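# Structural characterization, general
Residues per chain, in single letters:
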Amino acid sequence: MTGGRVAGKAALITGAAGGLGQAMARMLVREGAKVALSDLDLNGARALAEAINVDHPGMAFAYEHDVTREDDWVRVVDAAVQDMGGLSILVNNAGIGGQLLWAEQDTLENWRKVQAINLESVMLGCKHAMAPLRASGAGSIVNISSIAGLAAAPGMGAYNATKAAVWLYTKTVALECAKAGWNVRANSVHPVFIKTPILDPFVAMAGGDEANAHEKLARGIPLKRIGEPDDVAYCVLYLASDESKFVTGAEFKIDGGLTAQ
Ligand SMILES: NC(=O)c1ccc[n+]([C@@H]2O[C@H](COP(=O)([O-])OP(=O)(O)OC[C@H]3O[C@@H](n4cnc5c(N)ncnc54)[C@H](O)[C@@H]3O)[C@@H](O)[C@H]2O)c1
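What this report covers is the structure whose coordinates are included nearby. (Residues numbered from 1 in each chain as written. Predicted model: local features only at pLDDT ≥ 70, side-chain atom pairs only at ≥ 80, totals over all residues. Heavy atoms only, no water.)

Pairing is parallel across the open sheet formed by seven strands, whose spatial order is β3-β2-β1-β4-β5-β6-β7. Every other strand in the sheet has two partners, leaving β3 (60-64) and β7 (251-254) as the edge strands with one partner each. Each strand axis lies, on average, 15 degrees off the axis of its neighbour in the sheet, ignoring direction. The sheet contact formed by strand β1 (residues 10-14) and strand β2 (residues 34-39) spans five bridges and is parallel. Following the sheet pairing, Leu 12 is matched in β2 by Ala 36. Relative to the sheet, helix α1 (residues 19-30) contacts β1, β2, β4 (89-92) and β5 (139-144), its axis offset from that of β1 by approximately 170 degrees. Contacts from helix α5 (residues 157-180) reach β5, β6 (184-191) and β7, with the element oriented near 160 degrees to β6. (Pairing = 2+ DSSP bridges. Helix = DSSP H or I, 4+ residues; strand = E, 2+ residues; numbered from the N terminus. Axes fitted to C-alpha atoms, helices over the stretch in contact; angles between N-to-C directions. Contact = heavy atoms within 4.5 Å.)

So, about helix α2 (residues 42-55). Taking 1.5 Å per residue, 14 residues should reach 20 Å; α2 reaches 21 Å between its end C-alpha atoms and fits that length. Where α2 is buried, its residues contact α1, β2 and β3. In this structure Asp 41 caps α2, since a side-chain oxygen of it lies 3.4 Å from the backbone nitrogen of Asn 43. (Expected span 1.5 Å × (residues − 1). Polar contact = N/O pair within 3.5 Å; in protein donor to acceptor, adjacent residues only side chain to side chain.)

A few words on the pairing of β4. Taking every second residue as pointing to the same face, both faces of β4 are buried, with Ile 89 and Val 91 on one and Leu 90 and Asn 92 on the other. In the sheet, β4 pairs with β5 via four bridges, with the strands oriented parallel. When the bridges of β5 are listed, Ile 89 appears paired with Ser 140. Note on the crossover from β4 through helix α4 (residues 108-136) to β5: the handedness is right-handed. (Buried < 20%, exposed > 50% of the residue type's maximum accessible area, 1.4 Å probe, protein only. Right-handed = clockwise from strand over helix to strand, strands pointing away.)

Let us look at the state of the cysteines. The full count for this structure, using the stated rule, is zero disulfides. Between Cys 235, a free cysteine, and Cys 126, which holds the nearest cysteine sulfur, the sulfur-to-sulfur gap is 16 Å. For Cys 235, a relative accessible area of 10% translates into the label buried. (Disulfide = S-S within 2.5 Å.)

Take the pattern of salt bridges next. In the structure shown here, the tally under the stated rule is seven salt bridges. Among the ionic pairs, Glu 243 bridges to Arg 5, the shortest N-O distance being 2.8 Å. Residue Glu 243 is found in the loop between α8 (229-240) and β7, and its partner Arg 5 is found in the segment before β1; the two are separated by 238 residues along the sequence. The salt bridge involving Arg 69 is made with Asp 71; its shortest N-O contact spans 2.6 Å. Owing to a relative accessible area of 40%, Arg 69 belongs among the partly exposed residues under this scheme. (Salt bridge = Lys/Arg side-chain N within 4 Å of Asp/Glu carboxyl O.)

A few words now on the side chain of Asn 92. With respect to the helices and strands, the residue Asn 92 is situated in strand β4. Judged by its relative accessible area of 3%, Asn 92 falls in the buried class. Side chain to side chain, Asn 92 and Asn 143 meet in a polar contact 2.9 Å long. Contact partners of Asn 92, with chain neighbours within four places excluded, come to Thr 14, Trp 73, Ser 121, Val 122, Gly 125, Cys 126, Ile 141, Val 142, Asn 143 and Ile 144.

Given below as structure tokens:
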């Protein structure tokens, strides 16, 4: 079934080979957008593009992309614009959990790695995608933060710090675009635990028992379950579409009620 909520649009999704990226890519294509799928994992991005193109020929493109590298951003944005004929949506999605370490045990190596992948990447993406987003006439930046950007947890210092910074930085970009009179919106999305490989460390802590790990993670969530990738993808679809044309500088919690408590 194909809809047209983002018909004619062109999206660059980073970290597209991962759990959330795949769900977003498939949903945006189903709703009419072309997608540029970038990831450190080129084979994963290619496999997804090939699978999408079976049912939607010519709609997906794959690129090798280390989001911490500025030269990669320049190359990938340029290639995506060429291949898709423009760029109207940027989803800064690539991210890692980093090591679970309390402040006293944390290392600069862990800290800097998480900052580079989760935060500096977002700055580089907003910087280098802005010109084509402006040129599209209706651009949308969707930054994937986390509920961990709004609420802290022991052992998650580096991750909390990056995701909180992404939350406020998104508002800065939104206000700059508005002030300049550009029709480019920027919003952040804040998921709680969603079933993707990023939860693997929690599964390992539960002795490899995935169902048990997910059940433990769900305990503190009012809806008593963790999320599915499509729960996040639907929010990204809304923010990417013109349905959200009056929405900018906002944050969207996909958290089963966690932060309502
Ligand atoms: N799944 C969750 O529970 C959850 C909750 C809140 C926020 N998030 C956020 O959602 C985003 C996507 O996470 P996911 O759950 O799909 O995780 P995932 O591990 O399935 O996917 C992450 C992807 O990012 C890629 N990546 C890692 N380093 C990269 C780099 N330097 N350059 C380019 N790509 C790189 C990986 O190859 C992988 O494909 C992340 O920003 C994450 O912090 C996830």
